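Chain and residue survey
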Amino acid sequence: MRMWRGRKPEVTLACLLLATAGCFADLNEVPQVTVQPASTVQKLGGTVILGCVVEPPRMNITWRLNGKELNGSDDTLGILITHGTLVITALNNHTVGRYQCVARMTAGAVASVPAPVTLANLQDFKLDVQHVIEVDEGNTAVIACHLPESHPKAQVRYSFKQEWLEASRDNYLIMPSGNLQIVNASQEDEGMYKCAAYNPVTQEVKTSGSSDRLRVRRSTAEAARIIYPPEAQTIIVTKGQSLILECVASGIPPPRVTWAKDGSSVAGYNKTRFLLSNLLIDTASEEDSGTYRCTADNGVGEPGTAAILYDVQVFEPPEVTMELSQLVIPWGQSAKLTCEVRGNPPPSVLWLRNAVPLTSSQRLRLSRRALRVVSVGPEDEGVYQCMAENEVGSAHAVVQLRTARPGTTLRPWQDAKLATATPPTPGSKPGHPDQMLRNRLGLPRPPTSLQPASLQCPGEKGQVVPAEAPIILSSPRTSKTDLYELVWRPRHEGSGRAPILYYVVKHRKQVTNSSDDWTISGIPANQHRLTLTRLDPGSLYEVEMAAYNCAGEGQTAMVTFRTGRRPKPEIMASKEQQIQKDDPGASPQSSSQPDHGRLSPPEAPDRPTISMASETSVYVTWIPRGNGGFPIQSFRVEYKKLKKVGDWILATSAIPPSLLSVEITGLEKGTSYKFRVRALNMLGESEPSAPSRPYVVSGYGGRVYERPVTGPYITFTDAVNETTIMLKWMYIPASNNNTPIHGFYIYYRPTDSDNDSDYKKDMVEGDRYWHSISHLQPETSYDIKMQCFNEGGESEFSNVMICETKARKSSGQPGRLPPPTLASPQPPPPETIERPVGAGAMVARSSDLPYLIVGVVLGSIVLIIVTFIPFCLWRAWAKQKHTTDLSFPRSVLPPSSCQYTMVPLGGLPGHQASRQPYLSSVSGRACTSGVPVNRGCPAAAMGCPGLRPQQHCPGELQQQSDTSSLLRQTILGN
């Protein structure tokens, strides 16, 4: 006991020290919500549990419902709250809404992203009639099921021959759309089909009131046609989800289906697979957006006429990044917090301070990308949040703002890109930005005895040179599919410069026309290796890294690399072979595999990256692609000055294929350049690679760009269709003293809107001077304006143009693509659009009755005409024959000049087999080759002049009398 009492003051002192350390830790730590509460769908009366995990864990956690604070547990609402967990015992209409957890500590408060809690439900099927679907034997039949509204999405089931089909099996495929595809249909598949909807949360099952009858027919040769989908479709998918584009064709013989994306075959598109004739993408990403075309052909009819279009849009949840987690600003200065937000559709942005939403004022200037606090004071301290939300998700990032008394000298972190007027000063104090960065990145702290020296710059202030760019030793080629080993070394270690404190490495994935956000890593000064993980296979990545010393950020080194491609599993190959065996028309192998036997020049290399070599030279680094069947013999690099108009100039050639980086010397200081690369083999040279990003040659890679002042000038706008507007512009570099720009921002909003926040923004990088604004509303007028930008900021706005989109066609459907340029059949009436049916379906509907009547009438008229023509011909022939029989005695007489028909009789004297003139010695007339020829009367061809039709030529009566007598004698003799 005596010994315990003697130690009591020491224990008390230790407790006080721990409490004091905890307070200081609270000041230095930034509160974070590490596990967000998840959105939940639950049935009425069900239990909901929401979790929230914060860092540091000792923070106090409260909850909000629809923006209102919940004061602990509420028995009336049935809500129980413990530390970090909220439980709704029985969900009802009063407890549905948006929940947020709020974590509070001494440094400030932070709120989680909203977590919607909603009720599950399943509506009834709409009334429908029975449909009859006909399909050719051996083709694929499609039975469509129009699922009712359900939350979450209902699962489809089919009833056939007293048995429920809940999953795909045999030749029955249940697609994500709810359609049932029956592959290689036969007589056994005929019958009645009925669909049902199942809600997995409420476990309700509702069955359609109507059913479909399938008939399988046997036909002869028939041209290919698309039976599903019946018209162009617009598909919206969330990033990371799987995507199936259905395309079912029919014809005899079964047609072959091919796919193309944006006019190019998907054969070289590594992410696609084939499920019969349907196109499958396992994990959708931004680069999968575009127009897909399905074409069917079986050799019968004109090729290319059976085609359908899909417009695919990949929606991305918001991604929010803020490069700094802490910021210290002296009183009276202005603070600018930048927030990089990306997502599709463009997210809305909300700024919060200590979990309270902010509004614009004279001191707080809010925008989608930045928050500027004018004349910072102690009341502005706290945790600031940039929260973004769109239709598919939400995200946020936080930064802690601390203030300091006037006269306190603080050095900002240059890489944060935050404006402050405080000059850099040495020293390491609590709250020093350099120390905060080291704490945030988890960098080891130097020994206490060496700490002041490591942060003290040699020489006078302002004369310390930033660190040179590190030398990256890693190869741009790697066989790894999901990781990359980055290795480097300092350029001039221990050469009298200020020692390196740490490295900052940034990497991101490059996708078509854009890039992902940077992933930032901090590396201690004594470490020269970093493994980049969680990479996508077969993807292009860019890396930027810089060394930091007491003067701040050093020169930047860059490299680009491509991860290895993931080989297809053998089981997938065997499955595709089985599909090919079951349905030869699908041809998955031939559609997805390139023709390796085709020899050609190499493919264009990837877009090169540029890094500084010296004040007048740069390193150009690239990654080659396919060699076209022959080994690459060399590379060549070209460049172009952005200030001047002209062609690309050859920088160097005959680069050995073993070198994937080359130094380009003799560049002009202050000049902007772009570079591109070509590959050569024995068959020729490749197309040029995509141009590099603009690079400004200067003595220091961290040069601060001047902000362009004058913006571009819009010269042309035109509505391409009901959802797209094309615009063109011009930009004169001399208007901004030839300041280099990196691209253009395009802003647009409906003309009838007066709110600047309604402006949406597109970005065009490089020196392109045209752009198409898509996803607009039909028959809507838009205000359009532009800015040019570089790292220094944005220019003033351009002129404002007003353009109106075209009106939607009456036969079109909202959100559908325009019909293809090829001749296509007229779209079906709305009733047929509501329920697509199979090929050749005979469907009885009330709306088809007028067409049926018109068809019957027209068919009857055609039948009558076809029947009447032979009847008329028969009547004419019979009448002529009857006339001939009645005038038989006179038919053998020599024709007079007033008669034109002569019927020779076989067996009479004087008749010759060679059809010579009959009784030529008497009549003086002849019938040559069956054509009467008048020799006795010159005017026989037109009748005798001056005689009436009943009269005869002179001497003809005597000839007729003699001829009649001779005829009688001949007949009696016979």
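Keep in mind that this is a model prediction, so the values were computed, not measured.

Before going further, it helps to examine the overall build of the protein chain. Within the protein chain, the secondary structure is distributed over 10 helices and 67 strands. For the protein chain, buried positions account for 43% of its 974 residues. Partitioning the intrachain contacts of the protein chain with sequence separation of at least 6 by distance along the chain shows that 66% fall at a separation of at least 24. Of the roughly 51400 Å² of accessible surface on the protein chain, a fraction of 54% belongs to carbon and sulfur atoms.

As enumerated under the stated definition, the model contains 37 salt bridges in all. A salt bridge links Glu137 to Arg218; its shortest N-O distance comes to 2.8 Å. Here Glu137 is found in the loop between strand S13 (131-136) and strand S14 (141-143), whereas its partner Arg218 is found in the loop between strand S22 (212-217) and strand S23 (222-228), with 81 residues between them in sequence. Given a relative accessible area of 29%, Glu137 falls into the partly exposed group. Look at Arg218 and you get exposed, because its relative accessible area is 67%. The residue Arg625 makes a salt bridge to Asp606 at a minimum N-O spacing of 3.0 Å. A residue pair is termed long-range when its members are at least 10 positions apart, and Arg625 in the loop between strand S51 (617-621) and strand S52 (634-641) and Asp606 in the loop between helix H5 (588-592) and strand S50 (609-614) qualify at 19 residues.

In this section: the sheet that holds strand S43 (residues 484-489). To summarise the sheet geometry, strands pair through backbone hydrogen bonds and adopt either a parallel or an antiparallel arrangement. With respect to topology, 3 strands assemble into an open sheet ordered S42-S43-S47, the strand pairing being antiparallel. In this open sheet, the two strands that pair with only one neighbour each are strand S42 (471-472) and strand S47 (529-532).

Summed over the entire model, instances satisfying the criterion amount to 19 aromatic pairs. Site record: aromatic cluster; members linked through ring pairs are Trp729, Tyr731, Phe744 and Tyr769. Just above the ring of Tyr198 sits the side chain of Arg157; from NZ or CZ to the centre is 4.4 Å. In this structure, Lys785 packs its charged tip against the face of Phe797, placed 3.8 Å from the ring centre.

Predicted confidence across the protein chain gives a mean pLDDT of 75, with 71% of residues reaching 70 or more. In the model, residues 1-21 has pLDDT below 50 throughout and makes 0 contacts with residues more than four positions away in sequence or in other chains. Taken as a whole, residues 409-456 scores under 50 in pLDDT and shows 90 contacts with residues more than four places along the chain or in a different chain.

This part takes up a nonpolar patch on the surface. On the surface, Ile853, Val854, Val857, Leu858, Ile861, Ile865, Ile869 and Leu873 cluster together into a nonpolar patch covering about 740 Å² of accessible area. Positionally, Ile869 belongs in helix H7 (residues 849-886).

This next bit is on the nonpolar core. Of all hydrophobic cores here, the largest spans 25 residues; its most connected members are Trp63, Leu70, Leu86 and Tyr99. Going through the elements one at a time, strand S3 (48-51), strand S5 (60-65), strand S7 (79-82), strand S8 (85-88) and strand S9 (97-105) are the ones with two or more residues in this core. For this core, the leading source of residues is S9, giving 4 residues. Apart from residues lying up to four places away in sequence, Leu86 is in contact with Val48, Ile49, Leu50, Trp63, Leu70, Ile79, Leu80, Ile81 and Tyr99.

This model, assessed by the stated rule, comprises 4 disulfides. Paired by a disulfide, Cys52 and Cys101 hold their sulfur atoms 2.0 Å apart. Judged by the sign of its S-S torsion, about 55°, the cystine formed by Cys52 and Cys101 is right-handed. Residue Cys52 is located in the loop between S3 and strand S4 (53-55), and its partner Cys101 is located in strand S9; the two are separated by 49 residues in the primary sequence. Each member of the pair, Cys52 as well as Cys101, carries the same accessibility label: buried. Each sulfur in the disulfide pair Cys339 and Cys386 lies 2.0 Å from the other. On the S-S bond that ties Cys339 to Cys386, the torsion sits near -75°, and the link is left-handed. Residue Cys339 is found in the loop between strand S34 (335-338) and strand S35 (340-344), and its partner Cys386 is found in strand S40 (residues 382-390); the two are separated by 47 residues along the sequence. For Cys339, a relative accessible area of 1% gives the class buried. With a relative accessible area of 0%, Cys386 lands in the buried category.

Going from His151 to Pro152, the amide bond is cis rather than trans, its omega being 0°. With respect to the helices, strands and loops of the structure, Pro152 is situated in the loop between strand S15 (150-151) and strand S16 (155-160). Residue Pro345 is reached from Asn344 by a cis peptide bond, and omega for that bond is 0°. Structurally, the position occupied by Pro345 is in the loop between S35 and strand S36 (348-353).

The next point concerns the sheet that holds S36. A sheet is described by the order of its strands in space; here 5 strands give the open sequence S33-S41-S40-S36-S37, paired in mixed fashion. Here the strands that pair on one side only, and so sit at the sheet edges, are strand S33 (326-330) and strand S37 (356-357). Two strands pair when backbone bridges link them, and S40 and strand S41 (residues 393-404) are joined in this way by 9 bridges, in the antiparallel orientation. Each bridged residue has a counterpart across the sheet, and for Gly382 the counterpart in S41 is Leu401.

Further remarks concern the pairing of strand S63 (residues 781-790). Within S63, 9 of the 10 residues are buried, leaving the element largely enclosed by the surrounding structure. With 8 bridges joining them, strand S60 (residues 743-750) and S63 adopt antiparallel strand pairing. Residue pairing across strands places Gly743 opposite Phe789, the latter belonging to S63. In terms of strand pairing, S63 meets strand S65 (residues 801-804) through 4 bridges, oriented antiparallel. Across the sheet, the residue bridging to Asp783 is Ile802, located in S65. Looking at chain direction, S63 and strand S64 (residues 793-794) are connected through 2 bridges and run antiparallel. In the sheet register, Phe789 faces S64, and the bridge partner there is Glu794. The antiparallel hairpin formed by S63 and S64 contains 2 residues in its connecting segment.

Below, the discussion takes up the side chain of Ser208. The topology assignment puts Ser208 in the loop between strand S21 (205-207) and S22. At 3.3 Å, the side chain of Ser208 forms a polar contact with the backbone oxygen of Ser210. Aside from chain neighbours lying at most four places away, what touches Ser208 is Phe125, Lys194 and Cys195.

This next bit is on the side chain of Ser686. Structurally, the position occupied by Ser686 is in the loop between strand S56 (684-685) and strand S57 (695-696). Beyond its immediate chain neighbours, meaning those up to four positions away, Ser686 contacts Pro602, Glu603, Ala604, Pro605, Arg678 and Ala679.

What counts, and where the lines are drawn
- Residues numbered from 1 in each chain as written.
- Predicted model: local features only at pLDDT ≥ 70, side-chain atom pairs only at ≥ 80, totals over all residues.
- Heavy atoms only, no water.
- Helix = DSSP H or I, 4+ residues; strand = E, 2+ residues; numbered from the N terminus.
- Buried < 20%, exposed > 50% of the residue type's maximum accessible area, 1.4 Å probe, protein only.
- Contact = heavy atoms within 4.5 Å.
- Areas by Shrake-Rupley, 256 points an atom, 1.4 Å probe, with all protein chains shown as cover.
- Salt bridge = Lys/Arg side-chain N within 4 Å of Asp/Glu carboxyl O.
- Pairing = 2+ DSSP bridges.
- Phe/Tyr/Trp six-rings, centres within 6.5 Å; stacked < 30°, edge-to-face > 60°.
- Lys NZ or Arg CZ within 6 Å of the ring centre and 35° of its normal.
- pLDDT = per-residue confidence, 0-100.
- Patch = residues over 30% accessible without salt bridge, like charges linked within 9 Å, V, L, I, M, F, W, Y side chains within 5 Å.
- Core = buried A, V, L, I, M, F, W, Y, C linked by side-chain atoms within 4.5 Å.
- Disulfide = S-S within 2.5 Å.
- Polar contact = N/O pair within 3.5 Å; in protein donor to acceptor, adjacent residues only side chain to side chain.

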